[in-house]
Structure formats: structure tokens, C-alpha cells
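# Structural characterization, general
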Amino acid sequence: ATGGAGFCISRSLALKMLPVASGGKFISICEGIRLPDDVSMGFIIEHMVKKNLTLVPEFHSHLEQMKLLIPETFRNQISFSYAKAKDEWNVVNVPGFDTRYDPTRF
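The protein chain appears in an unreviewed UniProt entry as Fringe from Papilio xuthus.

Written out as C-alpha cells, the structure reads:
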């Protein structure tokens, strides 16, 4: 699970997570496994609560190449992300949009 893409959890899963992640335990888990909060959320769900995450291809993380997404599919997507690596922006390629003005605006 990465927050750049987004993730959804059900109320029933959240309730199952309470004993292991509430009351400051979530922060301790993040510090203990030395991973960011979004990755720690996946760790808690899959390894502590023993529930499988479901890949939803319409969530998009900054870890994938945004320029490879096909503009005709944009209306079917749930989330997009962006990042800057060195001098190159990893952003959705929107035809007719000039990224010189604001490369993160969409």
C-alpha cells in the first residue's frame, strides 16, 4: 500500500486493526520496521492482521511511470500521483497541457 496511490480500507478491517495499531502503536510499528506510514499500513494489514491487500489498477503511485498512462483511460482512474526525480517530473501526460507553468497541476 502506498499513499501516493491511495488506499481504501473497510470499516470491518479498521476495527480488526484497532488492537494492533491504535493508542500510539501505529507510530511504534512505523519506527520499528523503519518504513513510512503508508507502507506500514500495508505491513499491518498483511502481516499482523493477516488480510490480503487487493491490487486496484486504477490507483496510481509515483513509483510507476505516469507518462505511460493512456489519456483515453483517465476518466476511469481513481488516483494519480507525481514525483520529481533529478530534473525530470513523473507526471501524467495531458495533451495540450504545458508543464512549464505548473508541472504538478492536473
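Turning to the packing of helix α1 (residues 11-21) against helix α3 (residues 37-48), a few remarks are in order. A packed helix pair is summarised by two numbers, namely the angle formed by the two axes and the spacing between the axes. Across the interface, α1 lies against α3 with an axial gap of 11 Å and an inter-helix angle of 95 degrees. The angle between α1 and α3 falls in the class roughly perpendicular. Judged by residue contacts, L13, M17, V20 and A21 of α1 engage M41, I44, I45 and M48 from α3.

This part covers the environment of L18. With respect to the secondary-structure elements, L18 resides in helix α1. Placed 31 residues apart in sequence, L18 and V49 show a C-alpha to C-alpha distance of 9.9 Å.

Here we take up the domain arrangement of the protein chain. Per the domain assignment, the segments of the protein chain are domain 1 (3-48) and domain 2 (56-105). Put simply, the middle of domain 1 and the middle of domain 2, counted by C-alpha atoms, are 27 Å apart. If you look at the interface, domain 1 gives 5 residues, while domain 2 gives 7 residues. Interface area, domain 1 with domain 2, both sides summed: about 330 Å², of which 61% is carbon and sulfur. If you look at where domain 1 meets domain 2, you find 0 residue pairs in polar contact (both at pLDDT 80 or more). Here the side of domain 1 that touches domain 2 is built from residues that sort into 3 nonpolar, 2 polar and no charged.

Here the focus is the pattern of salt bridges. Considering all chains together, one arrives at 1 salt bridge under this definition. Note that K67 is salt-bridged to E88, the shortest N-O span being 3.8 Å. Note that K67 is positioned in the loop between α3 and β1 (83-85) and E88 in strand β2 (residues 88-90), a separation of 21 residues in sequence.

Now for α3. Of the positions making up α3, those classed as buried are D38, S40, M41, G42, I44 and I45. Its buried side turned inward, α3 meets α1 and α2 (25-33). Downstream of α3 by a residue or two, K50 has a phi angle that is positive, lying close to 65 degrees.

Calculation notes
- All residue numbers refer to positions counted from 1 along the written sequence of the respective chain.
- Restriction of local features to residues with pLDDT of at least 70 applies here, the model being predicted, together with a cutoff of 80 or more for giving and counting side-chain atom pairs; totals for whole chains, interfaces and linings are based on all residues.
- Calculation of side-chain values draws on the structure's entire complement of heavy atoms; hydrogens and water are dropped beforehand.
- Lines fitted to the C-alpha atoms define the axes, with helices restricted to the stretch that makes contact. Angles between their N-to-C directions range from 0 to 180 degrees.
- Secondary structure counts use DSSP, requiring at least four H or I residues in a row for a helix and at least two E residues in a row for a strand, with both numbered from the N terminus.
- Note on terminology: angles under 35 degrees are roughly parallel, angles over 145 are roughly antiparallel, angles of 65 to 115 are roughly perpendicular, and the others are oblique.
- Note on contacts: a residue pair qualifies if any of its non-hydrogen atoms lie within 4.5 Å across the two residues.
- Domains are outlined according to an automatic or database domain assignment.
- Once two parts are joined, some of their accessible surface, as seen by a 1.4 Å probe, is lost; buried area is that loss totalled over both.
- N or O atoms within 3.5 Å of each other form a polar contact, as long as, within protein, one can give a hydrogen and the other can take it, and as long as residues adjacent in sequence are counted only when both atoms are side-chain atoms.
- Residue type decides the class: Asp, Glu, Lys and Arg count as charged, Ala, Val, Leu, Ile, Met, Phe, Trp, Tyr, Cys and Pro as nonpolar, and the leftover types, Gly among them, as polar.
- Here, a salt bridge means any side-chain nitrogen of Lys or Arg that lies within 4 Å of a carboxyl oxygen of Asp or Glu.
- For each residue, the accessible area found with a 1.4 Å probe, counting protein chains only, is set against the maximum for its type, and the residue is called buried under 20%, exposed over 50%, and partly exposed in between.

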